[in-house]
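# Analysis of the macromolecular model
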Amino acid sequence: QVQLVESGGGLVQAGGSLSLSCAASGRTVSTAGMGWFRQAPGKEREFVAGLNWSVGGTRYGDSVKGRFTISRDNAKTTVYLQMNSLKPEDTAVYYCAARGRSTMSVRVTVNEYDYWGQGTQVTVSS
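Reading guide: rules and limits
- Residues numbered from 1 in each chain as written.
- Predicted model: local features only at pLDDT ≥ 70, side-chain atom pairs only at ≥ 80, totals over all residues.
- Heavy atoms only, no water.
- Helix = DSSP H or I, 4+ residues; strand = E, 2+ residues; numbered from the N terminus.
- Contact = heavy atoms within 4.5 Å.
- Pairing = 2+ DSSP bridges.
- 1 Å grid on protein atoms, 1.4 Å probe; cavity = no way out; pocket = protein on both sides within 12 Å on 5 of 7 lines; lining within 4 Å.
- Points joined across faces, edges and corners; volume = space filled by probe spheres on them.
- Nonpolar A, V, L, I, M, F, W, Y, C, P; charged D, E, K, R; others polar.
- Buried < 20%, exposed > 50% of the residue type's maximum accessible area, 1.4 Å probe, protein only.
- Polar contact = N/O pair within 3.5 Å; in protein donor to acceptor, adjacent residues only side chain to side chain.
- Phe/Tyr/Trp six-rings, centres within 6.5 Å; stacked < 30°, edge-to-face > 60°.
- Lys NZ or Arg CZ within 6 Å of the ring centre and 35° of its normal.
- Axes fitted to C-alpha atoms, helices over the stretch in contact; angles between N-to-C directions.
- Core = buried A, V, L, I, M, F, W, Y, C linked by side-chain atoms within 4.5 Å.
- Disulfide = S-S within 2.5 Å.

### A closer look at the environment of Ser21
- In this fold, Ser21 is placed in strand β3 (residues 18-26).
- Distance from Ser21 to Phe37, taken between C-alpha atoms, is 13 Å for residues 16 residues apart in sequence.
- Setting aside its immediate chain neighbours within four residues, Ser21 contacts Val5, Glu6, Ser7, Trp36, Thr78, Val79 and Tyr80.

Put into structure tokens, the structure is as follows:
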């Protein structure tokens, strides 16, 4: 089993920055990649950013390109999401996810991930 715990959510002003962390524990050797999704009220859960272990590649959702950066602390099995130039439409619950099946690219759909954290609320005020 793999356990994921997000932290770093909170309230920020538009244009500000926030950094999220996702700590993985348990049988982390079984993971092949990790990513971030978000879900706003009444909306589908959408892909934000992902990182692939095998090729070291990253991928971002169109709405966050140029503003968000995903990175990994290999030693601590922790993934980060640095969010800059935040907008009110970034308001959502942000979820960390891990994929157990190896692939040659970052996966961007909910069904392609095996483990999920409980989420952390990010609220951006105007």
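### Some words on the pairing of β3
- The sheet contact formed by strand β1 (residues 2-7) and β3 spans six bridges and is antiparallel. For Ser7, the partnering residue across the bridge sits in β3 and is Ser21.
- The pairing of β3 with strand β8 (residues 78-83) spans six bridges and is classified as antiparallel. Bridging across to β8, Leu20 finds its partner in Leu81.

### Points about empty space enclosed by the protein
- Under the counting rule described, the total for this entry stands at one cavity of 30 Å³ or more.
- Of the volumes computed, that of the largest cavity is approximately 60 Å³.
- The wall of the largest cavity is formed by Ala32, Gly33, Met34, Leu51, Asn52, Arg99, Thr103, Ser105, Val106, Arg107 and Tyr113.
- Where the lining of the largest cavity is concerned, the elements lending two or more residues are β4 (33-39) and β5 (46-52).
- Class assignment of the residues belonging to the lining of the largest cavity gives a composition of five nonpolar, four polar and two charged.

### A word on the side chain of Asn52
- Mapped onto the elements, Asn52 comes out in strand β5.
- A relative accessible area of 2% places Asn52 in the buried class.
- There is a polar contact of 3.1 Å between the side chain of Asn52 and the backbone oxygen of Ser105.
- Excluding residues within four positions of it along the chain, Asn52 makes contact with Ala32, Gly57, Thr103, Met104, Ser105 and Val106.

### Some remarks on unusual backbone geometry
- For Ser85, which is not glycine, the phi torsion reads 50 degrees and is therefore positive.
- Residue classification places Ser85 among the partly exposed positions, given a relative accessible area of 42%.

### Here we look at the packing of aromatic side chains
- Taken as a whole and judged by the stated rule, the model has four aromatic pairs.
- Three or more aromatic residues joined by ring pairs make a cluster, and in this case those are Phe37, Phe47, Tyr113 and Trp116.
- It is Arg45 that lies over the ring of Trp116; its NZ or CZ is 5.0 Å from the centre.

### Looking at the sheet that holds β3
- Read across the sheet, four strands follow the order β1-β3-β8-β7 without closing on themselves; strand pairing throughout is antiparallel. Each of the sheet's edge strands pairs with one partner strand only, and the pair in question is β1 and β7 (68-73). Along the sheet, successive strands turn relative to each other by an average axial angle of 20 degrees, direction set aside.

### Some points on the nonpolar core
- With 25 residues, the main nonpolar core has Trp36, Leu81, Met83 and Tyr94 as its most contacted residues.
- Phe37, Ala97, Val106 and Tyr113 belong to the second largest nonpolar core, which has five residues in total.

### A few points about the state of the cysteines
- Per the counting criterion, the structure on display carries one disulfide.
- Bridging Cys22 to Cys96, the disulfide has an S-S length of 1.9 Å. Torsion about the S-S bond of the Cys22 and Cys96 cystine: about -80 degrees, corresponding to left-handed handedness. Of this pair, Cys22 sits in strand β3 while Cys96 sits in strand β9 (residues 92-99); the two residues are 74 residues apart in sequence, bridging distant segments of the chain. Neither Cys22 nor Cys96 differs from the other in exposure class; each is buried.

Note that all results are geometric; they support no functional claim without further evidence.
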